[in-house]
Amino acid sequence: MHAVASIAAIMVLIWGGRAPGQPTTQPHPDPRKKTLEQLVTESKREAIFAPEVLTADGKPPSPEDSTSLKKAVALLESANKAAANADFVTAAKDADEARRLWEGILGFGHHLTLSASVAANTWSSVAKLAEGLRADFAKSEKDQPKTREYYESGKYAKATELARAIVDTRATLVGKDSPSLIEPLRIMGAALSELRAWQDADAVLNRALAISSETLGKTHPTTALVLDRYGWLQLSQGMSSK
């Protein structure tokens, strides 16, 4: 996000001004070149870099493996939708089936296997709660994307408030060390960083890092995302002190 903002600022400096005596008409854009907005949109829709997928024995997946891997992705998407609709029995079942497929092809320690396992265990625990409590957790599932939307649109106070509510709800329902707290904690820490609430951001991100490292491992992509945000916090603090 910071890189995109910097690029946008440079583009404004280059194209936004007009020296005295220059024509006011703008040159027609080259249709062969994509605008910055188009590039950003494409990068959100599809990863710029896709890592090579190898099986647990280090070989490229067979056609049958590839079919199973796609099925696992669809199962986890189905599980997320079921959880948002408070159907945690289906969510846990679909997530566990995705785990089984990923584990059989990619291995027990692969990050996709671990993520699906954690999701299945969390939703299985939620499925045992009373109906009203399940509804509360389902609301947190629906609200979580909103925290990212608020953050990305610069509404940092709203992002912090909603993320904190999600953390409080989930900590009460499934425990203060549940991996379901990692993402709302990460967003909250990022938003607090933008609000220059350095100490609060540090505490929140350290909590997210501790949970992620313990439940998913230090090399898991989710842990890396938390570390990335923590690095931005340190950088922002250093820049503000100059």
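Placed above this text is the structure.
Thresholds, definitions, all that
Residues numbered from 1 in each chain as written. Predicted model: local features only at pLDDT ≥ 70, side-chain atom pairs only at ≥ 80, totals over all residues. Heavy atoms only, no water. Helix = DSSP H or I, 4+ residues; strand = E, 2+ residues; numbered from the N terminus. Buried < 20%, exposed > 50% of the residue type's maximum accessible area, 1.4 Å probe, protein only. Contact = heavy atoms within 4.5 Å. Areas by Shrake-Rupley, 256 points an atom, 1.4 Å probe, with all protein chains shown as cover. Phe/Tyr/Trp six-rings, centres within 6.5 Å; stacked < 30°, edge-to-face > 60°. Lys NZ or Arg CZ within 6 Å of the ring centre and 35° of its normal. Axes fitted to C-alpha atoms, helices over the stretch in contact; angles between N-to-C directions. Parallel < 35°, antiparallel > 145°, perpendicular 65-115°, else oblique. Left-handed = near helix turned anticlockwise from the far one by under 90°. Nonpolar A, V, L, I, M, F, W, Y, C, P; charged D, E, K, R; others polar. Salt bridge = Lys/Arg side-chain N within 4 Å of Asp/Glu carboxyl O. Core = buried A, V, L, I, M, F, W, Y, C linked by side-chain atoms within 4.5 Å.

Peer 1: Residue-level account of the overall build of the protein, with values.
Peer 2: Across its full length, the protein holds 10 helices and 0 strands. Ordered by position from the N terminus, the helices and strands of the protein form the series α-α-α-α-α-α-α-α-α-α. Across the 242 residues that make up the protein, the buried fraction comes to 32%. Long-range pairs, those at least 24 residues apart, make up 60% of the contacts in the protein between residues at least 6 apart in sequence. A total of about 15100 Å² of accessible surface is found on the protein, and carbon and sulfur atoms cover 57% of it.

Peer 1: Please provide a residue-by-residue account of the packing of aromatic side chains, values included.
Peer 2: A ring pair, where both rings are aromatic, is described by two values, the distance of the centres and the angle of the planes. Taken as a whole and judged by the stated rule, the model has 2 aromatic pairs. With 5.7 Å between their ring centres and 80° between their planes, Phe88 and Phe137 make a pair best called edge-to-face. With Phe88 in helix α4 (residues 88–106) and Phe137 in helix α6 (residues 131–152), the pair connects residues that are 49 residues apart, well separated along the chain. Just as Phe88 is buried, Phe137 falls in that class too. Seen from the ring of Phe137, Arg170 lies directly overhead, with NZ or CZ sitting 5.2 Å from the centre.

Peer 1: Can you lay out the packing of helix α3 (residues 63–84) against α4 for me, pointing to particular residues and giving the numbers?
Peer 2: Contact geometry for α3 and α4: axes closest at 8 Å, N-to-C directions at 160°. As far as their axial angle goes, α4 and α3 are roughly antiparallel. The element α3 and its partner α4 pack so that their crossing is left-handed. Here Asp65, Ser68, Leu69, Lys71, Ala72, Val73, Leu75, Leu76, Ser78, Ala79, Ala82 and Ala83 of α3 come into contact with α4, specifically with Phe88, Thr90, Ala91, Asp94, Ala95, Glu97, Ala98, Leu101, Trp102, Ile105 and Leu106. Here the contact of α3 with α4 is built from residues that sort into 16 nonpolar, 3 polar and 4 charged.

Peer 1: Break down the pattern of salt bridges for me, citing the residues and quoting the values.
Peer 2: All told, the structure shown has 10 salt bridges when counted by the stated rule. In this structure, the salt-bridge partner of Asp143 is Lys146, at a minimum N-O distance of 3.5 Å. In this pair, Asp143 and Lys146 both sit in helix α6, 3 residues apart, roughly one turn of the helix. Linked by salt bridges that have partners in common, Asp96, Arg99 and Glu103 make up one network.

Peer 1: Would you mind going over the nonpolar core in detail, with residue names and values included?
Peer 2: Formed by 25 residues in total, the largest nonpolar core has its most connected members in Phe88, Ala95, Trp102 and Trp123. Tallying contributions element by element places α4 first for this core, with 9 residues. Ignoring sequence-local partners within four residues, the contact set of Ala95 consists of Leu76, Ala79, Ala116, Ala119, Ala120 and Trp123. By size, the runner-up hydrophobic cluster in this structure holds 19 residues, among which are Leu114, Leu181, Met188 and Val226.

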